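# Fold and geometry: a report
The lines below spell out each chain.
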Amino acid sequence: MSQSTQRILSTIAIVIASVAFGILISADLRLMRISNAQTAAPQTAPASVPSVTIPSFADVAARVTPAVVSVRSTEIVRMSEQRRRNFGIDPFEFFFPDPQDPHRRRSPQQQQPEDDERRQTSGGSGFLISADGYILTNNHVIEGAAKVEVHYGADDDGLGGRIVPATIVGRDPATDLALLKVEVGQPLPFIRMGDSDRIRKGDWAIAIGHPFNFENTLTVGVISARGRALGVSAETRSFENFIQTDAAINFGNSGGPLLNIQGEVVGINTAIRANAQGMGFATPINTAKTLLPQLRQGKVVRGYLGMNIQDVTHEHKEAFDLPEARGALVISVEPGKPADKAGLRNGDVVIEIDGKPVRNNRELIDYISYQPVGSQVKITVIRNGKRETLTARTAERPLDGSPVAEDEPAVIEPVREKLGMTVQELTPELRQTYRLPSGLQGVVVTGVRNVSPAGEANITAGDVISEVQGRPVTNLQEFRAEIDKIRSGQRFRLYVTTPTRTGTGIASYRILQAP
């Protein structure tokens, strides 16, 4: 064999060996593509991941939107009142649009004289709860209204539908609820009321209303929390039990429904948190369902014991030698009221009412409030480490929450009730809260309604009233006695000290006119 032939054979052998080696390596490393004829090795299935389906809210919107209405109220206001509303801080989402432009407020230069009166239109939402025309909304949407109208049946652009007059059947400032009635001569669509006690944090929440005059706006979020208290006003403070939601609520949504995923109303949109995002608040629908029979009759009457209470904390548990941190601690008792007559004292801890456990203030207030006036209730307290059971008979709660002496003549009672302010005894705690001088005597103002004689006189919470018509007052009894001497329509003076940051005060006389 020649040398050239040997060289050729060697080259062929090397090529064959290389190809064979390459096939072997590829097979071991699984680099060769598996043909259709090959059987793939079984692979382990991935762990099961639960699927999440986000629902469409279109069906709910189509079903309930026809029953959501726009509420328009007209009242006669003085410019001083409007200025305070437009530029003051109000936790309710009041919406007072300019009649010519609902998205623009008047500047101070455009405002009319203080004593001038004008018609003022405000807006909100509501929803039908029955085919015969009953509508639920917020009290602050229609409060003070000389005329109320309802726009229903409009499309998303606010076109079409009908505008009809509405009658205010009943209202309850304490829960900010109002019941309206329209007469249209035919059955109307309405929304079914759900159960707000069954909602949970994280449940879907759907808000529908007319924010900024954008008709039939729907927003979606979740239930953020329950049982929120905001301290919105002196009237609502004892009854606040709001649902918190991050479904967008804006000016004009007040009174509209907050719905669950089934399209049932679970709340009435009531308030927003200024300078916050995703913090809206609604009154539970179960509160409205409880009050509806009284709202239909035109007046809400609540049971009342006449005592000031607060929640029991862990600090109270230790200090009062309590078995657990629950109940309602009695801070003070109004003389002559049902709690006083039953023998309740400050320092008592209410742990049961009619045999039902009391966990906190909310449960005690709700139970007593919804008892008919004159009901007998058994109150179990812990006093000095021992259980005692007392019996009380509920009285009618005053409209503004302030106590009214039972022996006062009815002819002078309205003067004090209509001044629009609540006052308390000067305690060390209140002195610290309002930074009041230790030597200052009188009664301290704890709440003022904007539209009231006290509001007109620019009296605010924290002011201390030391004189009425030149006569010194050092406690509630003396204050009431002097106020009750004022005749209806009479102008009178109060000597008022307004606290300052330095802990002193600025004294001045305020002139009020008795209603």
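### Quick word on helix α12 (residues 476-483)
Because an α-helix packs 3.6 residues into every turn, residues spaced three or four apart end up facing the same way. Buried within α12 are the following residues: Leu476, Phe479, Arg480, Glu482 and Ile483. Viewed end-on, α12 has its buried residues packed into an arc of 165 degrees, placing them on one side of the element. For α12, the N-terminal capping position is held by asparagine 475, with its side-chain oxygen 3.2 Å away from the main-chain nitrogen of glutamine 477.

### Looking at the side chain of histidine 140
Examined against the element boundaries, histidine 140 turns out to sit in helix α4 (residues 139-142). Accessibility expressed as a relative area gives 6% for histidine 140, which makes it buried. At 2.9 Å, the side chain of histidine 140 forms a polar contact with the side chain of serine 254.

### Points about the pairing of strand β9 (residues 217-228)
The pairing of strand β8 (residues 204-209) with β9 spans six bridges and is classified as antiparallel. The partner of isoleucine 208 across the bridge, within β9, is leucine 218.

### Description of helix α8 (residues 361-369)
Judged by how many residues are buried, α8 sits mostly within the fold: seven of nine residues are covered. Buried residues of α8: Asn361, Arg362, Leu364, Ile365, Tyr367, Ile368 and Ser369, and no others. Looking at the packing, one finds that the buried side of α8 touches β14 (303-304), β15 (307-311), β16 (328-333), β17 (349-353), β18 (356-357) and β19 (376-383). Of the residues that open α8, the one with a side-chain oxygen 3.2 Å from the backbone nitrogen of arginine 362 is asparagine 360.

### Some details on a nonpolar patch on the surface
Residues Ile54, Trp204, Leu218 and Val220 make up a contiguous nonpolar surface patch of roughly 340 Å² in combined accessible area. Locating leucine 218 in the fold gives a position in strand β9.

### A closer look at the packing of aromatic side chains
Taken as a whole and judged by the stated rule, the model has three aromatic pairs. Ring geometry for phenylalanine 57 against tryptophan 204: centres 5.1 Å apart, planes inclined by 70 degrees, an arrangement best described as edge-to-face. Residue phenylalanine 57 is located in the loop between α1 (3-28) and α2 (58-64), and its partner tryptophan 204 is located in strand β8; the two are separated by 147 residues in the primary sequence. With relative accessibility at 34%, the residue tryptophan 204 sits in the partly exposed group. Here tyrosine 495 and tyrosine 509 contribute two aromatic rings whose centre-to-centre distance is 4.9 Å and whose plane-to-plane angle is 55 degrees, an arrangement assigned as tilted. Linking tyrosine 495 in strand β26 (residues 491-499) with tyrosine 509 in strand β27 (residues 505-513), this pair joins segments that are 14 residues apart in sequence.

### Things to note about the side chain of aspartate 348
Tracing the chain through its elements places aspartate 348 in the loop between α7 (338-342) and β17. Here arginine 345 takes part through its backbone nitrogen, which lies 2.9 Å from a polar atom of the side chain of aspartate 348. Of note is the side chain of aspartate 348, whose polar atom sits 2.8 Å from the side chain of arginine 383. When sequence neighbours within four positions are dropped, the list of residues in contact with aspartate 348 reads Ala328, Leu329, Val330, Gly343, Val381, Ile382 and Arg383.

### Let's talk about the pattern of salt bridges
Between side chains of opposite charge, a pair can form when the charged atoms approach closely. Counted according to the given criterion, the structure contains 14 salt bridges. Ionic pairing is found between lysine 299 and glutamate 396, a salt bridge with its closest N-O pair at 3.5 Å. On the criterion of sequence distance, the pair formed by lysine 299 in the loop between α5 (285-297) and β14 and glutamate 396 in strand β21 (residues 395-396) is long-range, its members being 97 residues apart. The exposure class assigned to lysine 299 is partly exposed, which follows from its relative accessible area of 46%. Accessibility expressed as a relative area gives 38% for glutamate 396, which makes it partly exposed. One network of salt bridges, in which partners are shared, links Asp348, Arg383 and Glu388.

Cut-offs and rules
- Residues numbered from 1 in each chain as written.
- Predicted model: local features only at pLDDT ≥ 70, side-chain atom pairs only at ≥ 80, totals over all residues.
- Heavy atoms only, no water.
- Buried < 20%, exposed > 50% of the residue type's maximum accessible area, 1.4 Å probe, protein only.
- Helix = DSSP H or I, 4+ residues; strand = E, 2+ residues; numbered from the N terminus.
- Arc of directions from axis to C-beta.
- Polar contact = N/O pair within 3.5 Å; in protein donor to acceptor, adjacent residues only side chain to side chain.
- Pairing = 2+ DSSP bridges.
- Contact = heavy atoms within 4.5 Å.
- Patch = residues over 30% accessible without salt bridge, like charges linked within 9 Å, V, L, I, M, F, W, Y side chains within 5 Å.
- Areas by Shrake-Rupley, 256 points an atom, 1.4 Å probe, with all protein chains shown as cover.
- Salt bridge = Lys/Arg side-chain N within 4 Å of Asp/Glu carboxyl O.
- Phe/Tyr/Trp six-rings, centres within 6.5 Å; stacked < 30°, edge-to-face > 60°.

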